[in-house]
2 protein chains.
Amino acid sequence: MRDLPQLLDLIAAFSKENPFPTFPLELYEPCNYILTLGGKRLRPALVLMGHELFKDTSEAALPAAWAVELFHNFSLMHDDIMDAAPLRRSEPTVHNKWNTTTAILSGDVMLIFAYRFLARCGDADTVLQLLNIFNRVATEVCEGQQLDINFETRANVGIHEYIRMIELKTAVLLGAALEMGAVCANAPANDSQHLYEFGRLAGIAFQIQDDLLDTYGDPIKFGKQVCGDILQNKKTLLVLKTLETAPDSDCRALHGWMQTGAENPAEKIAAVRAIFDRNGIPALVSLEKRQYQQKAFWHLQSVQVPEKRKKVLKKLVEDLLERES
Amino acid sequence: MRDLPQLLDLIAAFSKENPFPTFPLELYEPCNYILTLGGKRLRPALVLMGHELFKDTSEAALPAAWAVELFHNFSLMHDDIMDAAPLRRSEPTVHNKWNTTTAILSGDVMLIFAYRFLARCGDADTVLQLLNIFNRVATEVCEGQQLDINFETRANVGIHEYIRMIELKTAVLLGAALEMGAVCANAPANDSQHLYEFGRLAGIAFQIQDDLLDTYGDPIKFGKQVCGDILQNKKTLLVLKTLETAPDSDCRALHGWMQTGAENPAEKIAAVRAIFDRNGIPALVSLEKRQYQQKAFWHLQSVQVPEKRKKVLKKLVEDLLERES
């Protein structure tokens, strides 16, 4: 398996050779724009890695990889409208730079282009297999986004519901990326299923880690504003774990802080962190993350290819899951 | 070929047997809602008719028919947001009854469900053929919607550009519906191509007729507010034909009226109609419609099946194109 930078080069070259049409410019310019905002392109790289576990080259999986990247960017473009997000990666979001109409329609056509690239993935049987995976996971991503929206206005969200939401909204696409790469390589069904589970479970672990890093991460290493979740009263796993395990007094105190704005951010952050800390929440959440991580790697281990073929993929996911919390 | 009411019954039964999931309700309820607003279901009926030209039954084409209907409703749901339309068929639009977020996300999942039904259309080769047609036409519909948006704020729109816009925005989907039915029936490529052209050209004729009916139709028979286009300063084919053929003084007068609001609707309608009438615009636009209509029926004639098999389809399209103008 080639390493990540080499795979990213392949993806960059493919995207250059397969640009969006130039007319109507107003429709396609925002598609090009969002693709240049500097995403990590982790998902298309996972498609290629899923392929290179079984084959020496992954050029055949490039259209599938690009389909996954376009789908991801379609969902970002529409989610940014729904979240009224002004910025993505420090640049204006599409609906902010243009307008909502543009972000809706350009997002729609990006989703359709994802399916156009899918249709180019080899023979008809392979395309149909990929189409079924893609349709399933695309549906789940929409369902996850809806659950996320629902949770914002709901008083009681259970930990299981929360895990299910992050699974649908983000984790299944990571699993499907690996699975699609394996399917492009005609891998045995057992192996592609283990890869799906690996990506899905690792994806849940990533999201749990994101919750931890937002509140406890090093702002420089994490690269985001720390404690944004606390200031925005987000129902993260830290919050839900507290409400499930802490004494009533701390639950009431946390509820109280979550009714307030961010007038005095330092005070709010310190108080909420103190509630988490005195209830051992970071350790509990870390444990939950490690459990998903362990299950994930068990599935990678079960894939029937020599261990050395898995090295790059294993290292990539390990590194992503070992970012300092 | 069975008649339209029989085919519509098949479609209604299929939709009943293939409901959207019930969870998350907030995501799928608007999908069910827009499907019950009483559209004519012309597009899925065309899929079945395209199929029954070649086969005695059309059950095999039902998933493709439903895919086309879902796609159409997805595009309505998103277009209604972009047009800020409060009503559709006298009922609140989705973004009005719920909100914009709901209309975006439920529209997205409807588009994905269209692809899910496509994936159920027979063997892998057929699915791939359908996927390619569907992807092409779905892209074109987005492009047509973008051109329509662009034209709203452009001073000069040529007749050719306008025809191209209505072709992309609505006509190609009618052609693709027939073509997809034929492909499900394994029809010869020549025949499915002629059916596509028939639907596309008839679709352009429909849209031209819509422009005529809006200004000159019998409000009871047409079932819409008459002269809405004039009051909304729409650049219809009547307007573009006037600007292309009428003397400067009338062009200036029309431009003048198109800068005004609808404060005195009766006066505005009478004045604009008078400009059209004294320049023989309705006759010119009717001629344009008839030319597309004739070309359309030439393609239907070219389909190599006995004339009696075409009877229902021919009569349906003739009736639609002979509504009183």
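Treat the numbers as computed from the prediction; the structure is a model and nothing was measured. (Residues numbered from 1 in each chain as written. Chains lettered and ligands numbered in written order. Predicted model: local features only at pLDDT ≥ 70, side-chain atom pairs only at ≥ 80, totals over all residues. Heavy atoms only, no water.)

## Thoughts on the overall build of chain A
Looking only at helices and strands, chain A has 16 helices and two strands in total. A compact globule built from 325 residues would reach a C-alpha radius of gyration of about 20 Å, and chain A, at 20 Å, matches this within 12%. Within chain A, the proportion of its 325 residues that are buried is 58%. In chain A, of all internal contacts separated by at least 6 residues, the share reaching a separation of at least 24 is 74%. Element-wise, carbon and sulfur atoms account for 51% of the exposed surface of chain A, whose accessible area totals about 13700 Å². (Helix = DSSP H or I, 4+ residues; strand = E, 2+ residues; numbered from the N terminus. Rg over C-alpha atoms; globule rule 2.2 N^0.38 Å. Buried < 20%, exposed > 50% of the residue type's maximum accessible area, 1.4 Å probe, protein only. Contact = heavy atoms within 4.5 Å. Areas by Shrake-Rupley, 256 points an atom, 1.4 Å probe, with all protein chains shown as cover.)

## Focus on the interface of chain A and chain B
Counting residues at the interface gives 37 residues for chain A and 37 residues for chain B. Both sides together, the interface formed by chain A and chain B hides about 3400 Å², and carbon and sulfur atoms give 74% of it. When the buried area of chain A at its contact with chain B is split by residue, L105, I112 and Q146 of chain A rank highest and sum to 16% of it. Along the contact surface separating chain A from chain B lie 10 residue pairs in polar contact (both at pLDDT 80 or more). Put simply, the parts of the chain that give the side of chain A that touches chain B at least two residues each are α2 (25-35), α4 (62-82), α6 (100-118) and α7 (124-152) of chain A. (Buried area = accessible area lost by both parts, 1.4 Å probe. Polar contact = N/O pair within 3.5 Å; in protein donor to acceptor, adjacent residues only side chain to side chain.)

## So, the packing of helix α9 (residues 189-216) of chain B against helix α16 (residues 307-321) of chain B
Residues and elements named next belong to chain B. Running from amino to carboxyl end, α9 crosses α16 at an angle of 20°, the nearest separation of the two axes being 10 Å. Here α16 runs roughly parallel to α9, going by the angle between their axes. Crossing handedness for the pair α9 and α16: left-handed. Only L313, V317, L320 and L321 of α16 make contact with α9, whose side of the interface consists of L195, F198, A202, A205, F206 and Q209. Split into classes, the residues belonging to the contact of α9 with α16 amount to nine nonpolar, one polar and no charged. (Axes fitted to C-alpha atoms, helices over the stretch in contact; angles between N-to-C directions. Parallel < 35°, antiparallel > 145°, perpendicular 65-115°, else oblique. Left-handed = near helix turned anticlockwise from the far one by under 90°. Nonpolar A, V, L, I, M, F, W, Y, C, P; charged D, E, K, R; others polar.)

## Some points on the relation of the copies chain A and chain B
One copy of the chain maps onto the second through a rotation about an axis and a displacement along it. Overlaying chain A with chain B gives an RMSD of 0.0 Å, the required rotation being 180° about an axis along which the chain moves by 0.0 Å. As the rotation angle and translation indicate, the two copies are arranged about a two-fold axis. For chain A, the minimum C-alpha distance to the rotation axis belongs to A124 of chain A and amounts to 2.6 Å. Here 100% of the contact residues of chain A are again contact residues in chain B; the copies associate through an equivalent surface. (Least-squares fit on C-alpha atoms with pLDDT ≥ 70 in both.)

## Re the packing of aromatic side chains
Here the structure, examined in full by the defined rule, presents 19 aromatic pairs over all chains. With centroids separated by 5.0 Å and ring planes inclined at 80°, the aromatic side chains of Y115 of chain A and F134 of chain A adopt a geometry described as edge-to-face. Of this pair, Y115 of chain A sits in helix α6 while F134 of chain A sits in helix α7, and the two are 19 residues apart along the sequence. According to the relative accessible area criterion, F134 of chain A is buried, its value standing at 1%. Ring geometry for F71 of chain B versus F134 of chain B: centroids 5.5 Å apart, planes at 75°, classification edge-to-face. On the criterion of sequence distance, the pair formed by F71 of chain B in helix α4 (residues 62-82) and F134 of chain B in helix α7 (residues 124-152) is long-range, its members being 63 residues apart. A residue is classified by how much of its surface remains accessible, and F71 of chain B, at 1% relative accessible area, is buried. Ring pairs connect the aromatic residues F71, F74, Y115 and F134 of chain A together with F71, F74, Y115 and F134 of chain B, which therefore count as one cluster. Above the ring of F113 of chain B, the side-chain terminus of R116 of chain B is found at 4.6 Å from the ring centroid. Just above the ring of Y216 of chain B sits the side chain of R273 of chain B; from NZ or CZ to the centre is 5.7 Å. (Phe/Tyr/Trp six-rings, centres within 6.5 Å; stacked < 30°, edge-to-face > 60°. Lys NZ or Arg CZ within 6 Å of the ring centre and 35° of its normal.)

## Section: a negative patch on the surface
Together, D123 and D125 of chain A together with D123 and D125 of chain B make up a negatively charged patch on the protein surface. Its location among the elements puts D123 of chain A in the loop between α6 and α7. The exposure class of D123 of chain A is partly exposed, given its relative accessible area of 43%. (Patch = residues over 30% accessible without salt bridge, like charges linked within 9 Å, V, L, I, M, F, W, Y side chains within 5 Å. Salt bridge = Lys/Arg side-chain N within 4 Å of Asp/Glu carboxyl O. Lys, Arg positive; Asp, Glu negative; His and termini not counted. Charge placed at Lys NZ, Arg CZ, Asp CG, Glu CD.)

## Quick word on the confidence of the model for chain A
Averaged over all residues, the pLDDT of chain A equals 95, while 98% of them reach at least 70. As scored by the predictor, the complex reaches a pTM of 0.97 and an ipTM of 0.97. (pLDDT = per-residue confidence, 0-100.)

## A look at the nonpolar core
If you look at the biggest cluster of nonpolar residues, it comprises 236 residues, and the most contacted ones within it are L313 of chain A together with L313 of chain B. Beyond its immediate chain neighbours, meaning those up to four positions away, L313 of chain A contacts M1, L46, M49, L53, L178, L195, F198 and L300 of chain A. (Core = buried A, V, L, I, M, F, W, Y, C linked by side-chain atoms within 4.5 Å.)

## Describing unusual backbone geometry
In the segment running from F23 of chain A into P24 of chain A, the intervening peptide bond is cis, with an omega of -5°. A positive phi angle is found at N186 of chain A, which is not glycine, with a value near 55°. Within the secondary structure layout, N186 of chain A lies in the loop between α8 (159-184) and α9 (189-216). Notably, R89 of chain B is not glycine yet its phi reads approximately 50°, a positive angle. One can find R89 of chain B in the loop between β1 (87-88) and β2 (91-92). For R89 of chain B, a relative accessible area of 44% translates into the label partly exposed.

## Some remarks on the state of the cysteines
Summed over the entire model, instances satisfying the criterion amount to zero disulfides over all chains. Not part of a disulfide, C31 of chain B finds its nearest cysteine sulfur in C142 of chain A, a span of 9.2 Å. The class of C31 of chain B is buried, set by a relative accessible area of 0%. Here C227 of chain B stays unpaired: no disulfide links it, and the sulfur of C251 of chain B, its closest cysteine neighbor, is 20 Å away. (Disulfide = S-S within 2.5 Å.)

## Re the environment of M110 of chain B
All names here are of chain B. Of note, M110 is situated in helix α6 (residues 100-118). Take M110: its relative accessible area is 0%, and that puts it in the buried class. Taking the C-alpha atoms as reference, M110 lies 23 Å from S58; in sequence the two are 52 residues apart. When near neighbours in sequence (up to four residues on either side) are disregarded, M110 contacts F20, C31, I34, L35, L70, N73, F74 and M77.

## With respect to the side chain of T236 of chain A
With respect to the helices and strands, T236 of chain A occurs in the loop between α11 (228-231) and α12 (237-245). Excluding residues within four positions of it along the chain, T236 of chain A makes contact with Y162, D211 and D229 of chain A.

## Thoughts on the pattern of salt bridges
Residues and elements named next belong to chain A. As enumerated under the stated definition, the model contains 32 salt bridges over all chains in all. With its nearest N and O atoms 2.8 Å apart, the salt bridge here joins E161 to R154. One salt-bridge network, in which partners are shared between bridges, spans R164, E167, E197 and R200.

## Digging into α4 of chain B
Side chains of residues three or four places apart in an α-helix project in the same direction, reflecting 3.6 residues per turn. For α4 of chain B, built from 21 residues, the straight-helix expectation of 30 Å at 1.5 Å per residue is met to within 8% by its first-to-last C-alpha distance of 30 Å. A84 of chain B, located one to two residues past α4 of chain B, shows a positive phi value of around 50°. (Expected span 1.5 Å × (residues − 1).)

## Here's the deal with the packing of α8 of chain A against α12 of chain A
Residue and element names in this part refer to chain A. In the contact formed by α8 and α12, the axes pass within 10 Å of each other and the chain directions differ by 165°. By the angle class used here, α8 and α12 are roughly antiparallel. Crossing handedness for the pair α8 and α12: left-handed. Every residue of α12 that contacts α8 at I159, Y162 and I163 is listed here: L237, L240, K241 and E244. Tallied by class, residues from the contact of α8 with α12 come to five nonpolar, no polar and two charged.

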